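Below are the chains, spelled out letter by letter.
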Amino acid sequence: MSATTEADYIRVCQLEELPTVGAAKAEVSGRIIAIVRAEDGSVHAIDDECTHGKVSLSEGEVDGCTLECWLHGSRFDLVTGRPTGLPATVPVAVHTVRVTDGDVFVALAD
């Protein structure tokens, strides 16, 4: 596993463009991700496709620090990507997020 460098971060949006609590879809270097602001105000990035239903997670609901898939109710931990609610059993990729001067930057996972 390689260390994340400054060059790995890509500006995605301004923090104010995100919902106060919720998710938005973004394309970063050809990869579709969900940028999520959790209830505690933290910002996370995960792959946007549910590993169970193959639908957009950014259309789901945020509950605490999890994102629920709107189709079948699978929940994913925004920090680890692990499913915390069935029917999903496979995690989603988690990407590194940095917020600087009101801008959201993401470094994609391998």
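Refer to the structure above for everything that follows.
Everything numeric in this text was worked out from a predicted model, so none of it was measured.

A. View of the side chain of S58. Counting through the fold element by element, S58 comes out in the loop between β4 (43-47) and β5 (61-63). Exposure remark for S58: the relative accessible area of 11% places this residue in the buried category. A polar contact of 2.8 Å, which involves the side chain of S58, links it to the side chain of S56. Sequence-distant contacts of S58, that is, excluding residues within four places in its chain, are made with A23, A24, K25, A34 and D48.

B. Geometry of the nonpolar core. V36, I46, C50, L57, L67, F76 and L78 are the most contacted members of the largest nonpolar core, which has 15 residues in total. Excluding residues within four positions of it along the chain, I46 makes contact with I33, A34, L57, L67, L78, V92, A93, V94 and H95. Grouped together as the second largest cluster of nonpolar side chains are 10 residues, C13, L18, I35 and A45 included.

C. Summary view of the sheet that holds β5. Strand order in the open sheet formed by four strands is β5-β6-β7-β8, and the pairing between neighbours is antiparallel. For this open sheet the edge positions go to β5 and β8 (83-85), each flanked by a neighbour on one side alone. With strand direction ignored, the average angle separating the axes of adjacent strands in the sheet is 35 degrees. Note that β5 and strand β6 (residues 66-68) share three bridges and pair antiparallel. Bridging from a neighbouring strand, V62 pairs with L67 of β6.

D. Molecular detail of the side chain of D48. Mapped onto the elements of the fold, D48 is located in the loop between β4 and β5. One polar contact links the side chain of D48 to the main-chain amide nitrogen of S58, over a distance of 2.7 Å. With sequence-adjacent residues up to four places away left out, D48 is seen in contact with K25, I32, I33, A34, V55, S56, L57 and S58.

E. Just the pairing of strand β3 (residues 31-37), in detail. By the criterion of burial, β3 is predominantly enclosed, with five of the seven residues buried. Count of turn residues in the strand β2 (residues 22-28)/β3 antiparallel hairpin: two residues, of which S29 carries a positive phi of about 50 degrees. In terms of strand pairing, β3 meets β4 through five bridges, oriented antiparallel. Note that in β4 the partner of I35 across the bridge is A45. The hairpin formed by β3 and β4 contains five residues between the paired strands, and G41 there has a positive phi angle of roughly 90 degrees.

Rules and cut-offs
Residues numbered from 1 in each chain as written. Predicted model: local features only at pLDDT ≥ 70, side-chain atom pairs only at ≥ 80, totals over all residues. Heavy atoms only, no water. Helix = DSSP H or I, 4+ residues; strand = E, 2+ residues; numbered from the N terminus. Buried < 20%, exposed > 50% of the residue type's maximum accessible area, 1.4 Å probe, protein only. Polar contact = N/O pair within 3.5 Å; in protein donor to acceptor, adjacent residues only side chain to side chain. Contact = heavy atoms within 4.5 Å. Core = buried A, V, L, I, M, F, W, Y, C linked by side-chain atoms within 4.5 Å. Pairing = 2+ DSSP bridges. Axes fitted to C-alpha atoms, helices over the stretch in contact; angles between N-to-C directions.

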